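# Residue-level structural notes
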Amino acid sequence: MLTVEAALARILASLPPGRTERVALTDAYGRVLAEPVVSGLDLPPWDNSAMDGFAVRAADVPGELAIGETIAAGHPATRAVASGTAARIMTGAPVPAGADAVIMVEDAEVDGRKVRFAGAARLGQHIRRRGSDVARGTTVLAAGHRLGAGAVGLLASLGLTEVQVGARPRVAILSTGDEVIPPGQPLGPGQIYSSNNHALVGLTAAAGAIPVDLGNCPDDPAALRQRFAEAAEVADLVVTTGGVSVGDFDFVKEALGAVEFWRVAMKPGKPLAFGSLHGRPFFGLPGNPVSCMVNFLQFVRPALRTLMGDPRPFLPIVEAELARPLKRAPGRVELLRVSLARVDGRLIATAAGGHQGSSNVLGMATANGFLLVDAAATEVSGHVHVQVFDPGYDDRTDAGYPWAAGAAGGAACCGPEGG
Ligand code: AMP
Ligand code: MG
């Protein structure tokens, strides 16, 4: 049997280089940068006012000054601020020549064409200096950065309209099995609905790749060969489910050339086929719904993230406490389905509903993480590591917002002086 590490290392080492593409900023959210971004601009591009108020010479205040022109955002001043005068200025407007401080309107006393300032002004106060946020020539984002909303906003602030990112691989998804039909029609004798196609569509999209659901293929070597060839044609990477075990009708092996069949020392999800199908990475996942998802998340997802240029292709792992100790048979590493919840500030992992068998779709539906158990462990208790696979992971047990009407614990969060 292959260890998970060995299987993963072989998979990642055999991947082709990921493609990159240029996308419009409107499509950049969530993508991985393929090259560093260097600022071609100073931000702000010129000195501007941080307040609605008056642009003055600091040496002139305290005192009474004559009001000159009004400077709105987007409309630079036509003349310098002379000694003994002040220009009205709005937030975001360019600071005029001559001025070296801005006084907020709340601290000014206007009387017709004159304005009085009772207090002194610090040199440069309320002026956002050119380049103080970002200096031109600075590398603002590194290659491999996953673009969140703030990063996309930064790129727009720099005036960029396009950005080079890792291309999203197209993933063909094909389930196999004579018994498997899509939901939407009545079940015949011996039939089940395919859970795997839909679960894999979700997992693929959550990984940032593009799912192409090719439905199901019966357990027939000739049909499998043909559908596999089609799958390799329409996608960058092929994922199948079922037929990789040792059953009499597990024909996936026969239908594939350059693919190896592994037994990975992991529970659930021992059988795994991996190789190249017409030049595309091919993953033959087991048919059991839980094994299928576990295998996808341990092996296919890191491969997809790597192809997209993500330097951290693995799911995050958090530390938690196991609610109730468990006994187990040692031998293989195990991924127990758990749900995480914060109780009195502690993160508690509770085994997901039902049994931990590889067909328990209910447990998988309510879990948000895999508790990672070492191969040698005979008991799991106390402090544990949980790999979080739910992209919408939320460990709150209440409304969780201190300022929600009627929410408990509002004051406990931030106190009366919060903010
Ligand atoms: P197999 O890997 O083909 O031996 O299938 C193992 C188990 O998973 C069997 O009980 C199958 O009926 C079930 N199975 C296979 N494919 C699917 C699928 N697409 N959706 C749900 N269960 C499946
Ligand atoms: Mg089967």
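Conventions adopted
Residues numbered from 1 in each chain as written. Chains lettered and ligands numbered in written order. Predicted model: local features only at pLDDT ≥ 70, side-chain atom pairs only at ≥ 80, totals over all residues. Heavy atoms only, no water. Axes fitted to C-alpha atoms, helices over the stretch in contact; angles between N-to-C directions. Helix = DSSP H or I, 4+ residues; strand = E, 2+ residues; numbered from the N terminus. Parallel < 35°, antiparallel > 145°, perpendicular 65-115°, else oblique. Left-handed = near helix turned anticlockwise from the far one by under 90°. Contact = heavy atoms within 4.5 Å. Nonpolar A, V, L, I, M, F, W, Y, C, P; charged D, E, K, R; others polar. pLDDT = per-residue confidence, 0-100. Expected span 1.5 Å × (residues − 1). Bend = angle between axes of the 7 residues up to and from the residue. Buried < 20%, exposed > 50% of the residue type's maximum accessible area, 1.4 Å probe, protein only. Near = heavy atom within 4 Å. Polar contact = N/O pair within 3.5 Å; in protein donor to acceptor, adjacent residues only side chain to side chain. Areas by Shrake-Rupley, 256 points an atom, 1.4 Å probe, with all protein chains shown as cover. Pairing = 2+ DSSP bridges.

Relative orientation of the contacting elements helix α3 (residues 196–206) and helix α5 (residues 289–307) amounts to 20°, with a least axis distance of 10 Å. Accordingly, the angle class assigned to the pair α3 and α5 is roughly parallel. Here α3 and α5 pass one another in a crossing that is right-handed. Side by side, α3 and α5 meet where Asn196, Ala199, Leu200, Leu203 and Thr204 of the first sit next to Pro289, Cys292, Met293, Phe296 and Leu297 of the second. Considering only residue class, the contact of α3 with α5 consists of 8 nonpolar, 2 polar and no charged.

The next thing to look at is the confidence of the model for the chain. Taken over all residues, the pLDDT of the chain has a mean of 93, while the share at 70 or more is 96%. A low-confidence stretch, residues 415–419 stays under pLDDT 50, and its non-local contacts, those more than four residues away or across chains, total 0 contacts.

A few words now on α5. The terminal C-alpha atoms of α5 lie 25 Å apart, and with 19 residues this matches the ideal 27 Å at 1.5 Å per residue to within 8%. Considering bend angle alone, the principal kink of α5 is centred on Phe296 and spans about 40°. Counting buried positions along α5 yields 18 of 19 residues, so the element is predominantly enclosed.

Another point: the site of ligand 1. Close to ligand 1 lie 16 residues; Glu179, Ser194, Ser195, Gly243 and Gly287 are nearest. At a separation of 2.5 Å, an oxygen atom of ligand 1 approaches a polar side-chain atom of Glu179. One nitrogen or oxygen atom from the main chain of Gly243 is found 2.9 Å from an oxygen atom belonging to ligand 1. For ligand 1, the accessible surface in isolation is 490 Å², of which the surrounding protein chains cover 76%. At the level of secondary structure, the elements contributing two or more residues to the shell around ligand 1 comprise β13 (170–176) and β15 (192–193). Grouping the amino acids of the shell around ligand 1 by side-chain chemistry returns 4 nonpolar, 10 polar and 2 charged.

With that out of the way, let us pick up the environment of Asp374. By the element assignment, Asp374 lies in the loop between β26 (369–373) and β27 (379–380). The exposure class assigned to Asp374 is exposed, which follows from its relative accessible area of 58%. Expressed as a C-alpha distance, the spacing of Asp374 and Trp403, which sit 29 residues apart in the sequence, is 42 Å. Excluding residues within four positions of it along the chain, Asp374 makes contact with Arg328, Arg332 and Val333.

One open sheet holds the 6 strands; their spatial order is β16-β13-β17-β21-β20-β18, and the pairing between them is mixed. Each edge of the open sheet is held by one strand with a lone partner, namely β16 (210–217) and β18 (259–263). Between one strand axis and the next, the sheet turns by 20° as a mean value, whatever way the strands run. Pairing of β18 with strand β20 (residues 271–277), which is carried by 5 bridges, proceeds in the antiparallel orientation. Bridging across to β20, Arg263 finds its partner in Pro271. Packed onto the sheet, α3 meets β13, β16, β17 (237–241) and β21 (280–285) and runs at close to 165° relative to β16. Each of β13, β16, β17, β20 and β21 touches helix α4 (residues 221–234); the most contacted strand, β16, lies at about 170° to it.

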